[in-house]
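Structural features, examined
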Amino acid sequence: MRLLIALILPWLTFFTIGKPFQGIICLILQLTVIGWVPAAIWAVYALSQYNTDKKIREAGMGSLDQ
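First, a word on what this report is: a plain description of the structure on this page. Quick caveat, the model's predicted, so the values are computed rather than measured. (Residues numbered from 1 in each chain as written. Predicted model: local features only at pLDDT ≥ 70, side-chain atom pairs only at ≥ 80, totals over all residues. Heavy atoms only, no water.)

1. Structural notes on the overall build of the chain
Put simply, the test is: The way it works is that DSSP assigns letters per residue, a run of H or I at least four long becomes a helix, a run of E at least two long becomes a strand, and they are numbered from the N terminus. Accessible area is worked out with a 1.4 Å probe on protein chains only. A residue is then buried under 20% of its type maximum, exposed over 50%, and partly exposed in between. The criterion used for residue contact is that any of the two residues' heavy atoms lie within 4.5 Å. Method for areas: the Shrake-Rupley scheme with a 1.4 Å probe, in which residue coverage is limited to the protein chains shown.
Summing up its helical and strand segments, the chain has four helices and zero strands in all. Starting at the N terminus, the α and β elements of the chain follow one another as α-α-α-α. The buried share of the chain, taken over its 66 residues, is 21%. For the chain, contacts bridging at least 24 residues in sequence account for 41% of all contacts bridging at least 6. By element, 70% of the accessible surface of the chain is carried by carbon and sulfur atoms, the whole surface being about 4,700 Å².

2. Digging into the packing of aromatic side chains
How we decide: Any Phe, Tyr or Trp ring, taking Trp's six-membered ring, that has another such ring centre within 6.5 Å forms a pair; planes under 30 degrees apart are called stacked, those over 60 apart edge-to-face, and the others tilted.
Overall, the coordinates contain two aromatic pairs when judged by the stated rule. Between tryptophan 11 and phenylalanine 15, the aromatic rings sit 6.0 Å apart at their centres with planes inclined by 80°, giving edge-to-face as the arrangement. Here phenylalanine 15 and tryptophan 11 lie together in helix α2 (residues 10-16), a separation of four residues that amounts to about one turn. With relative accessibility at 24%, the residue tryptophan 11 sits in the partly exposed group. For phenylalanine 15, a relative accessible area of 39% corresponds to the partly exposed category. Taking 4.7 Å as the distance between ring centres and 50° as the angle between the ring planes, the aromatic pair formed by phenylalanine 14 and tryptophan 42 counts as tilted. Remark: tryptophan 42 occurs in helix α4 (residues 36-59) and phenylalanine 14 occurs in helix α2; sequence separation between them is 28 residues.

Laid out in C-alpha cells, this is it:
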C-alpha cells in the first residue's frame, strides 16, 4: 500500500514513515510537473530504506544509531 502511495503521492509516504520535514520538501518538489518523477523515485527509495531498517530492528541485529 505504501508503495502505491509513494508513486501517486510521494510526499505522503514521508509522513507515513515519520519524516515530516522530508515530506514537506518532497511536496514542494512534487508541485512542479517535472519534479514529480524525482519525488516518486525519492519516496520509493526512502520507503525501501525504512523497510530495511525495520527488518533489521525486528531481527534484533543491533542498534541503527551506530
